Amino acid sequence: MRNIVIFLRYEGTAYHGWQVQKNLPTVAETVEKAVSMVVGHPVHVTGCGRTDAGVHAKCYVANFRTDSTIPAERLPYALNTHLPVDICVTRAFDVHEGFNAIGSCVRKEYTYVIYNTRLRDPFYVNRAWFYPRHLDEKIMQQAADQFVGTHDFAAVRSVGTDVRSTVRTVYDYRVERKGDLISLRVCANGFLYNMARAMAGTVVYAAEGKIRPEEIGKILQSGNRTAAGPTVPAGGLYMTHLWYDDGVVQFECQPEIPE
């Protein structure tokens, strides 16, 4: 039985996240149906994480097992003929039996995009958070810096999925403005439910003057969700970079189309 990795890109507006749900359209269900049609038997596709409803992926990794003999390099073209236009497979290759798209992932990066101008743009609907009041990106960076390191991130997660620990390590959190677009790019060894969106909301809270950047450390220590910023809308969030190393295979997944 072969174990095959696929790289995906998807615009998540039409889907209730990655994970299969009863009576709701999801990315996983859509991909599994396409893979099953191509390889000729039912498959289970394991994804690298549970992106929420409305969240996008410029880079996403999944794997599945099959006894099909179709060469891996032909799979993207075959799968894309059975996928809707808002999901695209960009790459496929064989890996060893023990590889797992979520278990073998050692780092993830999410990017949150804010459209920061007085007048909204219909072309950014569901793709960036429209925020009409000016945000100072320097203050936002000061706030983002407070998240870097190993902390208990219970104060910036929503109750949902049970986890053994709420401790995570954030390696980098960068705020960058290009014209009216502000991107918040955060890399960590893992993310809790809604963690990236709550962190973004807390950074915006600091720019609004509702909290001081240096207070974020105490908020994390308190574990008090109500002390941190809000969970910002899903449409501005993108999975943008993944790192893999399970001791046998090493690779990265990042956007293959110039951003």
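To be clear, the structure that these remarks concern was listed above.
Residues numbered from 1 in each chain as written. Predicted model: local features only at pLDDT ≥ 70, side-chain atom pairs only at ≥ 80, totals over all residues. Heavy atoms only, no water.

Caption draft 1: Structural view of the packing of aromatic side chains. Applying the stated rule across the entire model yields 15 aromatic pairs. Between Tyr 115 and Tyr 124, the aromatic rings sit 4.6 Å apart at their centres with planes inclined by 40°, giving tilted as the arrangement. Residue class for Tyr 115 comes out buried when judged on its relative accessible area of 11%. Using a relative accessible area of 28% as the deciding quantity, one classes Tyr 124 as partly exposed. Centroid distance Tyr 115 to Phe 130: 6.5 Å. Interplanar angle 40°. Geometry classified as tilted. Of the two residues, Tyr 115 sits in strand β5 (residues 105-115) while Phe 130 sits in strand β6 (residues 129-130), which places them 15 residues apart along the sequence. Taking relative accessible area as the criterion, Phe 130 reaches 30% and is therefore assigned partly exposed. Counting every residue linked through ring pairs, the aromatic cluster contains Phe 7, Phe 93, Phe 99, Tyr 244 and Phe 251. The positively charged end of Lys 58 is found above the aromatic ring belonging to Tyr 238, 4.9 Å away from the centroid. We note Arg 107 situated over the ring of Tyr 171; from NZ or CZ to the ring centre the distance is 3.6 Å. (Phe/Tyr/Trp six-rings, centres within 6.5 Å; stacked < 30°, edge-to-face > 60°. Buried < 20%, exposed > 50% of the residue type's maximum accessible area, 1.4 Å probe, protein only. Helix = DSSP H or I, 4+ residues; strand = E, 2+ residues; numbered from the N terminus. Lys NZ or Arg CZ within 6 Å of the ring centre and 35° of its normal.)

Caption draft 2: Examining the nonpolar core more closely. Judged by nonpolar contacts, the single largest core of 80 residues is most densely connected at Ile 6, Trp 18, Val 31, Ile 114, Met 140 and Leu 184. The dominant element in this core, judged by the number of residues it contributes, is helix α4 (residues 195-208), at nine residues. Contacts of Ile 6, omitting those with residues within four sequence positions, involve Val 31, Tyr 60, Val 61, Ala 62, Phe 64, Leu 79, Val 89, Arg 91 and Ala 92. (Core = buried A, V, L, I, M, F, W, Y, C linked by side-chain atoms within 4.5 Å. Contact = heavy atoms within 4.5 Å.)

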